[in-house]
Amino acid sequence: MTTRHFLSLMDLSRDELKQLLKRGIELKKMQHAGEIFEPLKNKVMAMIFDKSSTRTRVSFETGMAQFGGHAVFLSPRDTQLGRGEPIEDTARVISSMVDGIMVRTFSHSSLETLAEYSKVPVINGLTDFVHPCQLLADMQCYIEHRQTIEGRTVTYIGDGNNMCHSYINAARQLDFKLNIACPKGYEPDAELVKLAGDCVEITHDTVAATENSDLIVTDVWASMGQEEEQRIREQAFAGFQVNEALMKHADKDALFMHCLPAHRGEEVSAGVIDGAQSVVWDEAENRLHAQKALMEFLMA
Ligand code: CP
Ligand code: NVA
């Protein structure tokens, strides 16, 4: 049997994805009820982090511990990968010892190379291209609050980045309408948008994109690795803040999500992220439960 990886939401069938979201909700209830469930007893997952992380590291490490397994944190500062050992060699060696590998890195093609040479499942913990684990958490969160995402309208305001790309894939897989409002020059990948067909619409008008929407999402203006573009991006994205005035155009029951970390006063106002429509803390907690469902699916 070929090894299954989770490099993007498109690596799952639509049914598998829906099942995984359901399982995340179940695992959350079990966890909250104090039920011990250890399907990964004695299993080990390596976690390679080329970029900073709070949520991804804590959720995967905690998830493995709760499942009876163990996680090994690896940073480029203390591995040979950081000193130039080829990804192919690293993948062969690590995957001969552990049961799964989670990777957060810059280039998506490096992740694909690692997966190609790995004997065990590889999970994408964020690349410059996509952030699929975050979408598992977001979709679980929406379903918990509003039953189904199918047929809804979602609005993504901001950079055509990894989060935006993963929302495009989610729209394709889960049948919702995605409006993307971004500044000119910061559009998402054209190929991905083309593949999504009618379910994705791109505009530069935040109000039009938000009209009657059920879920408003945003992300930072400068992602990890783009720190030196911060100033220029602040100018380009000046009209793209999710604030109380913009939220008024959404459906009255609309929710607000942000993968975090957030910059209050930049991509989102404090009033919105800390307000009644925001579900960002539930969203963040779901990283744990949704990824436990994913690890169970790939590794148990
Ligand atoms: N949302 C997210 O992936 O957070 P971290 O960068 O803290 O892992
Ligand atoms: N787009 C952001 C997401 C962080 C979780 C980044 O890549 O830095």
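All of the points below concern the structure found in this document. Every chain is numbered independently, its residues counted from 1 as its sequence is written. Each chain gets a letter, beginning with A, and each ligand a number, beginning with 1, in the order they are written. With the structure being a predicted model, the display of local features is reserved for residues of pLDDT at least 70 and the display and counting of side-chain atom pairs for 80 or more, all residues being used for whole-chain, interface and lining totals. No hydrogens and no water enter the side-chain calculation; it runs on all heavy atoms of the structure.

1. Things to note about unusual backbone geometry
- A cis amide bond links Leu-260 to the next residue, Pro-261, at an omega of 5°.
- We note that Asn-42 has phi near 70°; this positive angle belongs to a residue other than glycine.
- With respect to the helices and strands, Asn-42 occurs in the loop between helix 1 (14-32) and strand 1 (44-49).
- Think of it in three bands: with a 1.4 Å probe and only protein chains considered, a residue is buried below 20% of the maximum accessible area for its type, exposed above 50%, and partly exposed in between. Given a relative accessible area of 71%, Asn-42 falls into the exposed group. Labels follow the DSSP assignment, with helices taken as runs of H or I lasting at least four residues and strands as runs of E lasting at least two, numbered in each case from the N terminus.

2. Details of the site of ligand 2
- The environment of ligand 2 is made up of Leu-126, His-131, Asn-161, Asn-162, Asp-219, Val-220, Ser-223, Met-224, Cys-259 and Leu-260.
- Two N or O atoms form a polar contact when they lie within 3.5 Å of each other; inside protein one atom must be a possible hydrogen donor and the other a possible acceptor, and for residues adjacent in sequence the pair counts only when both atoms belong to side chains. In this structure, a nitrogen atom belonging to ligand 2 sits 2.6 Å away from a side-chain N or O atom of Asp-219.
- Contact distances for ligand 2 include 2.7 Å between a nitrogen atom and a side-chain N or O atom of Ser-223.
- Per-residue and other accessible areas were derived by the Shrake-Rupley procedure at a 1.4 Å probe size, with only the shown protein chains allowed to occlude residues. For ligand 2, whose accessible area on its own is 270 Å², the fraction buried by protein is 94%.
- Partitioned by chemical class, the residues of the shell around ligand 2 number 5 nonpolar, 4 polar and 1 charged. Nearness is judged by heavy atoms alone; a residue qualifies as near a molecule or strand once a single heavy atom is within 4 Å of it. Each residue is assigned to one of three groups, with Ala, Val, Leu, Ile, Met, Phe, Trp, Tyr, Cys and Pro labelled nonpolar, Asp, Glu, Lys and Arg labelled charged, and all others, Gly among them, labelled polar.

3. Comments concerning the pattern of salt bridges
- What makes a salt bridge here is a side-chain nitrogen of Lys or Arg within 4 Å of a carboxyl oxygen of Asp or Glu, nothing more. One pass over the structure, following the stated rule, counts 15 salt bridges.
- The partner of Arg-264 in a salt bridge is Asp-274, with the nearest N and O atoms 2.8 Å apart. With Arg-264 in the loop between strand 9 (255-258) and helix 11 (270-273) and Asp-274 in the loop between helix 11 and helix 12 (280-299), the pair connects residues that are 10 residues apart, well separated along the chain.
- For Arg-264, a relative accessible area of 42% puts it in the partly exposed group.
- Exposure remark for Asp-274: the relative accessible area of 46% places this residue in the partly exposed category.

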